[in-house]
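In case you want the letters, here they are:
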There are 2 protein chains.
Amino acid sequence: MQELTSRQRQIFEFIQQRREMEGSPPSFREIARQFRFRSVNAALDHVQALIAKGWLEHSPGRARSLRAVQISGRDDMRGRVARIPIQGGIPAGHPADGVLAGEGCVLVDIETLGIQPTARTFALRVEGDSMIGKHIAGGDLVIIEHGMEPRPGDVVAALIDGQVTLKTFVVQRGRPYLRAENSRYPNLIPQQELQIQGVMVALVRKTSSR
Amino acid sequence: MQELTSRQRQIFEFIQQRREMEGSPPSFREIARQFRFRSVNAALDHVQALIAKGWLEHSPGRARSLRAVQISGRDDMRGRVARIPIQGGIPAGHPADGVLAGEGCVLVDIETLGIQPTARTFALRVEGDSMIGKHIAGGDLVIIEHGMEPRPGDVVAALIDGQVTLKTFVVQRGRPYLRAENSRYPNLIPQQELQIQGVMVALVRKTSSR
DNA sequence: CTTTATACTGGACATTTATACAGCTCCTTC
DNA sequence: GAAGGAGCTGTATAAATGTCCAGTATAAAG
């Protein structure tokens, strides 16, 4: 399949976007309107280029019949989106065991985030600003991979006194401890064993004001 | 939502089936042909019954605009995930006009992020750390809603010298300007008119190391 | 310099399509 | 038996839509 020009890619993505949002693909005139073409033909030309290059199919004479050629594993939402449960406040024990007060689920684009979602991936709502030094603010949603081996410098979710906290995992003189990325918060040197719930792999923030 | 008659259910399922197989919903004539109606109106009547009973929606006057009403809380990913194009480097003029080098698309969970994705929503890869004061770091992906009226304090994407930059929109003494959230970067007081591309509504970050 | 591909403008036209109006039968309900 | 809804026929029309033809401009390739 031939490569697309940047303009053609725009057209292609607009068509895909509309198909998902509106439920049916745009007409040529709608494409033209979107890109401020004064002529319908500009849209037609682009679509014909996309068809010639093997990206689109259509049924001649039929309104709104544009559809993407299915490339296995490529452009499909199924398989690209993972459903990740949001853990609310206090996970009782093991995160896979029983989850209290979940906020529901986030749907996460695994390709963009480059994560391999397992059954042990979960999300946490950040409270407080103890990780502000790593630009993780209160209200952010962090995606945590459970069971992953933390490396020094990783942000981890740890279980301290039955509470989950987000900290940076660091090793000093062969001994691991948890560092808060905010000088107003104390670091945590573990008494016995360190209870690491998982390693942060991604973050999602919603701009609150709207 | 009212119950359907068996005939209406047949029509509804045919529409759904066609949407999945062909990629776009059938026209009234195609419905009529499928059920061997000699009149298009038979199909119209059924569809209007389905709309009245709350099973279908459509945009008046638009070809093939039939779509099933989303049932909230259902285990359906379609309708909860929006495809947002990632704009690469330098939009020339209007964001709908010319955008170069797209990186592809992000799939975004509209329910979690609370955004209403329109065709004018796009994503930008953040370069540099000029917005670090708002905890937006380089490499982050920000979701921008174009055409939204910026309010003071909002993070906006603005067009400066043909380059897109992310800044905080502020108004001082009745005059708007753009503030960088990093003391090493200058604020921008617009010479003429301020070219606001859109307002940031969400942010997605991938933890880079893995 | 010519050719080719891309990216458009502008106008025209035939179909497709949605939609309205006026009927009809059959069945159930009152 | 009157009323009403479901299910359908038949005709008509305006709007939406696909598609063709004839151009222009620009940049890259030969």
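Predicted, not measured: the structure shown is a model, and the values here were computed from it.

J.: Looking at this structure, I do not really get the overall build of chain A. What am I missing?
T.: The helix and strand tally for chain A stands at 4 helices and 10 strands. Listing the helices and strands of chain A from first to last along the sequence gives α-α-α-β-β-β-β-α-β-β-β-β-β-β. Counting the 210 residues in chain A, one finds 36% classified as buried. The contacts of chain A with a sequence gap of at least 6 include a subset with a gap of at least 24, amounting to 51%.

J.: Just to check I follow, could you spell out the protein's contact with DNA strand C for this structure?
T.: Taken together, 25 residues sit near DNA strand C, with Thr5, Arg7 and Ser39 of chain A together with Ser27 and Pro60 of chain B positioned nearest. Mapped onto the surface near DNA strand C, the elements with two or more residues apiece are α1 (6–21) and α3 (40–52) of chain A together with α2 (28–34) and α3 (40–52) of chain B. For the surface near DNA strand C, the element with the most residues is α3 of chain A, which contributes 6 residues. Of the residues that constitute the surface near DNA strand C, the class distribution is 10 nonpolar, 9 polar and 6 charged.

J.: Any chance you could explain helix α1 (residues 6–22) of chain B here in plain terms?
T.: Given 3.6 residues per helical turn, the α-helix brings residues three or four places apart onto the same face. Residue and element names in this part refer to chain B. With 17 residues, α1 should reach 24 Å at 1.5 Å per residue; the first-to-last C-alpha distance of 24 Å fits that figure. The set of residues buried in α1 consists of Ile11, Phe12 and Ile15. Buried residues of α1, viewed axially, fall in a sector of 95 degrees; they line one side. For α1, the exposed residues set more than 90 degrees away from the buried face come down to Ser6, Arg7, Glu13, Gln17, Glu20 and Met21. Packed against the buried residues of α1 are α2 and α3. At the C-terminal side of α1, Gly23 shows a positive phi close to 95 degrees.

J.: I would appreciate a short explanation of the pairing of strand β10 (residues 196–206) of chain B in the present structure.
T.: In the case of a regular strand, side chains alternate between the two sheet surfaces. Residues and elements named next belong to chain B. The buried fraction of β10 amounts to 10 of the 11 residues, a majority that puts the element mostly inside the structure. Sheet topology places strand β6 (residues 141–146) next to β10; 6 bridges connect them, and they run antiparallel. Following the sheet pairing, Val142 is matched in β10 by Leu203. Sheet topology places strand β7 (residues 155–160) next to β10; 3 bridges connect them, and they run antiparallel. Its bridge partner being in β10, Ala157 is matched across the sheet by Gly198.

J.: Help me out: how do you make sense of the interface of chain B and chain A in this one?
T.: It is common to report an interface's size as the accessible area lost on association of the parts. Each partner contributes residues to the interface: chain B has 44 residues there, and chain A has 45 residues. Every element with two or more residues in the side of chain B that touches chain A is listed here: β3 (81–87), β4 (104–109), α4 (110–113) and β10 of chain B. Considering every element that reaches the side of chain B that touches chain A, the biggest residue donor is β10 of chain B, with 7 residues. Among the residues making up the side of chain B that touches chain A, the classes are represented as 24 nonpolar, 10 polar and 10 charged. As defined by bridge partners, strand β10 (residues 196–206) of chain A adjoins β10 of chain B across 5 bridges and the pair is classed as antiparallel. Looking across to β10 of chain B, one finds that Arg205 of chain A is bridged to Leu203 of chain B.

J.: In this structure, what is going on with the protein's contact with DNA strand D? I would like to understand it.
T.: Taken together, 24 residues surround DNA strand D, and among them Ser27 and Pro60 of chain A together with Arg7, Phe37 and Ser39 of chain B come closest. Elements that contribute at least two residues to the surface near DNA strand D include exactly α2 (28–34) and α3 of chain A together with α1 and α3 of chain B. Here the element with the most residues in the surface near DNA strand D is α3 of chain B; it accounts for 5 residues.

J.: Where do I start with the environment of Val164 of chain B in this structure?
T.: Summarising the element assignment, Val164 of chain B is placed in strand β8 (residues 163–172). Separated by 33 residues in the primary sequence, Val164 of chain B and Gln197 of chain B have C-alpha atoms spaced 8.2 Å apart.

The rules behind the values
Residues numbered from 1 in each chain as written. Chains lettered and ligands numbered in written order. Predicted model: local features only at pLDDT ≥ 70, side-chain atom pairs only at ≥ 80, totals over all residues. Helix = DSSP H or I, 4+ residues; strand = E, 2+ residues; numbered from the N terminus. Buried ≥ 20, exposed ≤ 12 C-beta atoms within 10 Å, placed from the backbone. Contact = placed C-beta atoms within 7 Å. Near = placed C-beta within 6 Å. Nonpolar A, V, L, I, M, F, W, Y, C, P; charged D, E, K, R; others polar. Expected span 1.5 Å × (residues − 1). Arc of directions from axis to C-beta. Pairing = 2+ DSSP bridges.

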